[in-house]
Every structure is written in C-alpha cells, then in structure tokens.
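Descriptive analysis of the structure
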Amino acid sequence: FAELVLAQYHRPVSIQPHHNSFAPRRDIAGIRADSLVSRGWRARVRFRIEGWVMRRCQFVFVESRFMKDRVMRFHGINDAAVSIVPAGADISRFKPAADKNALRGRLGLPEGRIILFTVRNLVPRMGLENLIKALKEIEKSPHRVFLAIGGKGPLREPLEQMIRALHLEASV
C-alpha cells in the first residue's frame, strides 16, 4: 500500500517527529545551550535533513501545539500541513487497578503518596535534574510525593548523585 501511495505522490505522505532537535538544551548544571552551533555538526546535519524531509511531506503529525509551532517556525512548514494528534492510551486495555494498594505493594511503591512517573532517556535535554530539584521544594509542602524515573542514559549516575546530595532517596 505504501508503495502505491508514494508512487502517486512522488514524496513521503507523512512524518511524525518524536523528538525536538531544536529545543533549548540544558546540561546537568542547568546551563542553556540554545545554539545549534553548540550542538555539533551531527545535530546541524540532522536538523537540516529533518527540515528537508518535512518540507517534502504531504502531512506532518505532532503531539502538541508546542511542537506544531516549533516545526512551523524552524522548518517553515505550512500550518495546513501540520496536524496535532495527541498521544493516547487504549482505555479498553488500560484501566485503573481495582486494588491500588496491592498493586503498589507488588511494584514496591509507597502507599499514601502521590506517585509521579516518567520514562525518559536519561540525557541532558530531558531536564530531569530540574524535576529532582523541584521535588526537593515539594518536600517542604504538606504534599507527600514519590517520583519514579525509568530510563537509561549517560545521566543515570549524575542524577543518582544529585538525589543522594539532596537527601531524596526515600522520595525517588
């Protein structure tokens, strides 16, 4: 089917960028590095290829208004070509547990606390260090929060060190 469509339009029909190669990047210390120049030649080449491909697509799908604005601004894509398709879940398969405390026990999560859960690549552009710092501030409030972070990447050890330095081991 895809071959027939591509043959008819002589170009890719759609693309959905799953990253934001043009977002401000922060290192573990929180220092901004907005310039593409600071990201190295590979990032600049990827950015140019990404724009070249997007401009040749009939449709570009993104998950948020933020990404739509960025795609249009940085790659010059026409508003009509960019559609927002929010990410979602199949609610017929994914339902709240009947016994939340039993599930928390099985997963090793604390009872009586708000659970924040994120799965990310553990890389600087994700801003996880900001989330951990914010959790330290939340701990000063009456809200009882537990942060579960899933993922792999070069920031695993620095993030674990930050958690220990902020005495958040019981909350992350």
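Up top is the structure these notes are about.
Described in the following lines is the structure provided in the data block. Keep in mind the model is a prediction, meaning the values are calculated, not measured. (Residues numbered from 1 in each chain as written. Predicted model: local features only at pLDDT ≥ 70, side-chain atom pairs only at ≥ 80, totals over all residues. Heavy atoms only, no water.)

1. What to know about the overall build of the chain
Rule in force here: Helix and strand assignments come from DSSP, with helices taken as H or I runs of at least 4 residues and strands as E runs of at least 2, each series counted from the N terminus. Note on exposure labels: buried denotes an accessible area under 20% of the residue type's maximum, exposed denotes more than 50%, and partly exposed covers the range between, all computed with a 1.4 Å probe on protein chains only. Contact definition: two residues touch when any of their heavy atoms are within 4.5 Å. Here the Shrake-Rupley method, with its probe set to 1.4 Å, supplies the accessible areas, and only the displayed protein chains count as covering residues.
The helix and strand tally for the chain stands at six helices and seven strands. Its helices and strands taken in sequence order, the chain reads α-β-β-β-α-β-α-β-α-β-α-β-α from the N to the C terminus. With 172 residues in all, the chain has 26% of them scored as buried. Once local pairs closer than 6 in sequence are excluded, the contacts in the chain between residues at least 24 apart make up 61%. If you sum the accessible surface of the chain, you get close to 11,900 Å²; carbon and sulfur atoms cover 58% of it.

2. Brief notes about the pairing of strand β6 (residues 114–119)
Quick note on the threshold: At least two DSSP bridges between two strands are needed for those strands to be called paired. Viewed with both strands pointing away, a crossover whose connecting path from the first strand over the helix to the second turns clockwise is right-handed.
In this structure, β6 lies alongside strand β7 (residues 145–150), joined through six bridges in parallel fashion. Across the sheet, the residue bridging to V119 is G150, located in β7. Following the backbone out of β6, through helix α5 (residues 128–138) and into the adjacent parallel β7, one traces a crossover that is right-handed.

3. Focus on the pairing of strand β4 (residues 59–62)
Residues V60 and V62 point to one face of β4 and are all buried, whereas F59 and F61, pointing to the other face, are not buried. Here β4 runs beside strand β5 (residues 82–84); their pairing, made up of three bridges, is parallel. Within the sheet, the bridge partner assigned to V62 lies in β5 and is I84. A crossover connection joins β4 to the parallel β5 through helix α3 (residues 65–75); in handedness this β-α-β unit is right-handed.

4. Overview of α3
Rules: The arc in question is the one traced by the directions running from the helix axis out to the C-beta atoms.
Looking only at α3, the buried set comprises M67, K68, R70, V71 and H75. Angularly, the buried residues of α3 cover 165° about the axis, an arc narrow enough to put them on a single face. Looking at the buried positions of α3, the neighbouring elements they touch are α2 (41–56), β4 and β5. Backbone geometry just after α3 places G76 at a positive phi near 65°.

5. Re the packing of α2 against α3
When two helices pack together, their arrangement is given by the angle between their axes and by how far apart the axes lie. Our working rule: Axes here mean lines fitted to C-alpha atoms, for a helix over just the part in contact, with angles spanning 0 to 180 degrees between N-to-C directions. An angle below 35 degrees is read as roughly parallel, one above 145 as roughly antiparallel, one from 65 to 115 as roughly perpendicular, and any other as oblique. Each residue is assigned to one of three groups, with Ala, Val, Leu, Ile, Met, Phe, Trp, Tyr, Cys and Pro labelled nonpolar, Asp, Glu, Lys and Arg labelled charged, and all others, Gly among them, labelled polar.
Running from amino to carboxyl end, α2 crosses α3 at an angle of 100°, the nearest separation of the two axes being 10 Å. The pairing of α2 with α3 is recorded here as roughly perpendicular in orientation. Contacts between α2 and α3 involve F47, E50, G51, M54 and R55 from the former and V71, F74 and H75 from the latter. The residue makeup of the contact of α2 with α3, split by class, is four nonpolar, two polar and two charged.

6. Let's talk about the nonpolar core
Note the threshold: Here the nonpolar core consists of buried residues drawn from Ala, Val, Leu, Ile, Met, Phe, Trp, Tyr and Cys, with membership extended through side-chain atoms lying within 4.5 Å.
In this structure, L122, L128, I132, L135, V145, L147, L155, L159, M162, I163 and L168 together form the largest nonpolar core, which totals 11 residues. Elements with a contribution of two residues or more to this core: α5, β7 and α6 (156–165).

7. Overview of the environment of E139
Considering the arrangement of structural elements, one finds E139 in the loop between α5 and β7. Residues E139 and S171, spaced 32 residues apart in sequence, show a C-alpha to C-alpha distance of 8.6 Å. The residues touching E139, leaving out its near neighbours within four places in the chain, are R113, L168 and S171.

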